[in-house]
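Chains, contacts and geometry: an overview
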Amino acid sequence: MIVTQSGALLADNSLPNLEFNGFGTLGVVHSDEQNADFINDPFASQGAGYSHDWSAEVDSRLGLQATLHLTPKLSSVVQVVSEKRYDGSYAPEIEWANVQYDITPNLSFRVGRMVQSSFMASEHRKVNYATPWVRPPQEVYRLMPVANFDGVDMRYRYPVGETTNELQLNFGGGSVDYSTGSIDASDSWGVSHRTHWGMPPCSPATAN
C-alpha cells in the first residue's frame, strides 16, 4: 500500500521568492521469512519478516523541500527527509542543500550537497510516486551505499534532432553511518549522460 502527498506554495511570480514542496509515502510490507528481515535501506535496523510479520518502516518516509529563487539564474534548494535510520530513529537528514547558477539556459553549476547521479532515478529515488516501481530495484540502487556528496556539479544540455541530451560531471565526497561504523567516499567523481526522447529532462532542484 502506498499513499503519497505533494503540495507547493509559491509567494508570487516576482523575484526573489520562496517555494515549498513536500512528498510522503506510507508503505506497509509483509514477509513470512522467519530467518531474516526484508529491508529497503541496507543500513536499516529492522524490517518485515524476522522482526515483524508486517512493517510500515520499510518504505514510509516524509520529505520537505524549500527552493529559494533569488534571480532568474540563481537559486538554492534544501531538502530534508525523515525515514527509518540505522539506529531505529526517524531523525531528519539533509538530502539536498545546494546553490545553483545557470550560466546559460543549457549550462548550470551547483555547489553544496547533492545526490550522486549514478543511475537513471538516483535523484528522485525517494519520491516513490515519481518512479514506475514501489521502490527502485535494490539489486542496482544498493550498489551505491553513499548516495549523497558534498561538492560541485556541472550540467550541460543540448538537443540533437528530436532528442534532448544532458551531460553531467560532479566531484566531491560523502559518508554514511551504520550500526558499527561508517563508509566514507572522499574525492569521488562521476560522469553521466542521459538522452531524452520527446520530453525535456527533469529539473534537478525539483526532481528529488
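Residues numbered from 1 in each chain as written. Predicted model: local features only at pLDDT ≥ 70, side-chain atom pairs only at ≥ 80, totals over all residues. Heavy atoms only, no water.

**Brief notes about the side chain of Thr67**
Relative to the elements of secondary structure, Thr67 occurs in strand 7 (residues 61–69). Judged by relative accessible area, which is 1%, Thr67 ranks as buried. For Thr67, the side chain forms a polar contact with the side chain of Gln65, separated by 3.4 Å. (Helix = DSSP H or I, 4+ residues; strand = E, 2+ residues; numbered from the N terminus. Buried < 20%, exposed > 50% of the residue type's maximum accessible area, 1.4 Å probe, protein only. Polar contact = N/O pair within 3.5 Å; in protein donor to acceptor, adjacent residues only side chain to side chain.)

**Focus: the confidence of the model for the chain**
On average, residues of the chain score 85 in pLDDT, and 88% of them reach the 70 mark or higher. Below pLDDT 50 for its whole length, residues 1–11 participates in 33 contacts with residues either more than four positions away or in separate chains. Low pLDDT (under 50) marks residues 203–208, which in the prediction has 24 contacts with non-local residues, meaning those over four places away or in another chain. (pLDDT = per-residue confidence, 0-100. Contact = heavy atoms within 4.5 Å.)

**Description of the pairing of strand 7**
Here nine bridges tie strand 2 (residues 17–25) to strand 7, and the two strands are oriented antiparallel to one another. When the bridges of strand 7 are listed, Leu18 appears paired with Leu68. One ladder, built from nine bridges, connects strand 7 with strand 8 (residues 74–83); its direction is antiparallel. The partner of Arg61 across the bridge, within strand 8, is Glu83. Between strand 7 and strand 8, which pair antiparallel and follow one another directly, the connecting turn spans four residues. (Pairing = 2+ DSSP bridges.)

**Structural notes on the packing of aromatic side chains**
The tally for this structure, following the rule as stated, stands at three aromatic pairs. Taken together through their ring pairs, the aromatic side chains of Phe119, Trp133 and Tyr141 make up a single cluster. (Phe/Tyr/Trp six-rings, centres within 6.5 Å; stacked < 30°, edge-to-face > 60°.)

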